[in-house]
Each structure stands twice: as structure tokens, then as C-alpha cells.
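Read off the chains here:
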Amino acid sequence: KEQIRLKLYDIENSNSCRIVRELITELDIVVDQIIPATAKSRAIQDATSEMSLPKGAEAPCLVASFPDSEDKVISGASDIMSFLKNTCSDRPNDGDLDSEPLQQVIRALSPVGLFLASALRTGRGIVVSPAVTSAKRVHRPQNNLILYSYEGNQF
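What comes next is a walk through the structure.

Parameters and conventions
- Residues take numbers from 1 onward in each chain, read along the sequence in its written order.
- Local features are withheld for residues below a pLDDT of 70 in this predicted model, meaning they are given only at 70 or higher, and side-chain atom pairs are given and counted only at 80 or more; totals for whole chains, interfaces and linings count all residues.
- Heavy atoms throughout the structure, all of them, feed into the side-chain values; hydrogens and water do not.
- Each helix corresponds to a stretch of at least 4 residues labelled H or I by DSSP, and each strand to a stretch of at least 2 residues labelled E; elements are numbered beginning at the N terminus.
- Partly exposed residues are those whose accessible area sits between 20% and 50% of the maximum for their type, while under 20% is buried and over 50% is exposed, using a 1.4 Å probe and protein chains only.
- Throughout, a residue-residue contact means that at least one pair of heavy atoms, one from each residue, lies within 4.5 Å.
- Accessible surface is estimated by sampling points in the Shrake-Rupley manner with a 1.4 Å probe; for residues, cover comes only from the protein chains shown.
- Buried Ala, Val, Leu, Ile, Met, Phe, Trp, Tyr and Cys residues that are joined via side-chain atoms within 4.5 Å together make up what is termed a nonpolar core.
- One speaks of a salt bridge when a side-chain nitrogen belonging to Lys or Arg is within 4 Å of a carboxyl oxygen belonging to Asp or Glu.
- Pairs were defined over the aromatic rings of Phe, Tyr and Trp, the Trp ring being its six-membered one, requiring ring centres within 6.5 Å. Orientation was assigned from the angle between planes: stacked under 30 degrees, edge-to-face over 60, tilted for the rest.
- Pairing between two strands requires that DSSP report at least two bridges joining them.
- N or O atoms within 3.5 Å of each other form a polar contact, as long as, within protein, one can give a hydrogen and the other can take it, and as long as residues adjacent in sequence are counted only when both atoms are side-chain atoms.

### Some details on the overall build of the protein chain
At step 1: Along its length, the protein chain carries 5 helices and 4 strands.
At step 2: Across the 155 residues that make up the protein chain, the buried fraction comes to 30%.
At step 3: Of all intrachain contacts in the protein chain linking residues separated by at least 6 positions in sequence, the fraction that spans at least 24 positions is 63%.
At step 4: Approximately 11300 Å² of the protein chain is accessible, and the part contributed by carbon and sulfur atoms is 52%.

Below you can see the structure in the form of C-alpha cells.
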């Protein structure tokens, strides 16, 4: 597969963003940059910022940069998930796995898990912390934070 650079605009406590992040982990896809796109964040407030959410887009939003072509902006969880499965996954397409009984049970219970994950963190991860928005000067790191997925690590 050709090298695609991915940038994800994400809201931590959003169910639609969460299912996109879970699929990225499941498919073991490398996302080069994850940008918080909560209310009052730079991605929303500052259209001149290099981290600005593409015009007209809402989180979740994925920007795919292909070599020698224009960036592709994909908004909405279902469109992003379809793009990731069809374009970015190295896994072979083994037909419609969603038709298997276990996958049907998992799909039926998924909304319950999404609700519980958000309910336990009510109000958090939706907006930028008031401590940051009220600060006169916020230190911005020189380099991006590198996140590693340890989902398979039993320790």
C-alpha cells in the first residue's frame, strides 16, 4: 500500500470519535497526528493555526495526505471507518465478518459500552480545561507527543 499520512481531529469523550479510535487500534493503523477538536480548542477557535479543523468539517475528521496528490478530508465516523478499512488496513478482506453471530452480538452491545464509557466521564474531554483557556500564556511543546498503543500488552 502507498504511504498515507493521517491526521485525526478528535474529541476525547465523543462516542463517534471513540469508535474511530477503537477501529484504528483494532486495525493497527498509524495515525501521524491526533488533534483535539473540542470546543474552545485551537483547532476550532483559530482558523489560521496549522492545526485548524478543515473548513466545514466536524470531529471526527480524518485528513489523509497521499504522495503526489491533494489531501482527502473525511468527516463522520462511518465514512472514516469505511475509508480506514478499505484504504489503510493491511488485513485481507475476508468477506462480511459482520454477519457472523458473535459480531452481531458485539455490534448490538457496542452502544451500551459507548454510553458507559462516556457516562463515567460526564463533562470531561468535551471542552478545553478552564485552566488552559484562562491562562495568560500556555506553553506549547516544540515536538508532538508520540503515543504508543499497548492494547495487546498484558502487563
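### Observations concerning the nonpolar core
Here is a general trend for soluble globular proteins: nonpolar side chains tend to be buried in one another's company.
At step 1: Counting residues in each nonpolar core, the largest one holds 19 residues, and the members touching the most others are Leu-6, Val-20, Leu-62, Phe-83 and Leu-84.
At step 2: Counting only elements with at least two residues in this core, the list comes to strand 1 (5-10), helix 1 (15-27), strand 3 (61-65) and helix 3 (77-88).
At step 3: Of the residues forming this core, the biggest block, 6 residues, is contributed by helix 3.
At step 4: Grouped together as the second largest cluster of nonpolar side chains are 9 residues, Ile-35, Met-51, Ala-57 and Val-63 included.

### Regarding the pattern of salt bridges
At step 1: In total, this model carries 2 salt bridges according to the counting rule given.
At step 2: One salt bridge in this structure joins Asp-10 and Arg-21, with 2.8 Å as the shortest N-O distance. Here the residue Asp-10 occupies a position in strand 1, and Arg-21 occupies one in helix 1, the gap between them amounting to 11 residues.
At step 3: Accessibility expressed as a relative area gives 9% for Asp-10, which makes it buried.
At step 4: The partly exposed category is assigned to Arg-21, whose relative accessible area is 24%.

### What about the packing of aromatic side chains?
At step 1: Using the criterion set out here, one finds 1 aromatic pair in the structure.
At step 2: Relative to Phe-83, the ring of Phe-66 lies with its centre 6.4 Å away and its plane at 85°, an arrangement referred to as edge-to-face. One end of the pair, Phe-66, is in the loop between strand 3 and strand 4 (72-75); the other, Phe-83, is in helix 3, with 17 residues separating them in the sequence.

### Points about the pairing of strand 3
Walk down a regular strand and you will see the side chains alternate between the two sheet faces.
At step 1: In terms of burial, strand 3 is largely enclosed, as 4 of its 5 residues are buried.
At step 2: Pairing of strand 1 with strand 3, which is carried by 5 bridges, proceeds in the antiparallel orientation. Bridge pairing in strand 3 places Leu-6 opposite Ala-64.
At step 3: In terms of strand pairing, strand 3 meets strand 4 through 4 bridges, oriented antiparallel.

### Some words on the environment of Asp-32
At step 1: Along the chain, Asp-32 falls in the loop between helix 1 and strand 2 (33-36).
At step 2: Separated by 26 residues in sequence, Asp-32 and Leu-6 place their C-alpha atoms 5.4 Å apart.
At step 3: Sequence-distant contacts of Asp-32, that is, excluding residues within four places in its chain, are made with Ile-4, Arg-5 and Leu-6.
At step 4: Of note is the side chain of Asp-32, whose polar atom sits 2.9 Å from the backbone nitrogen of Leu-6.

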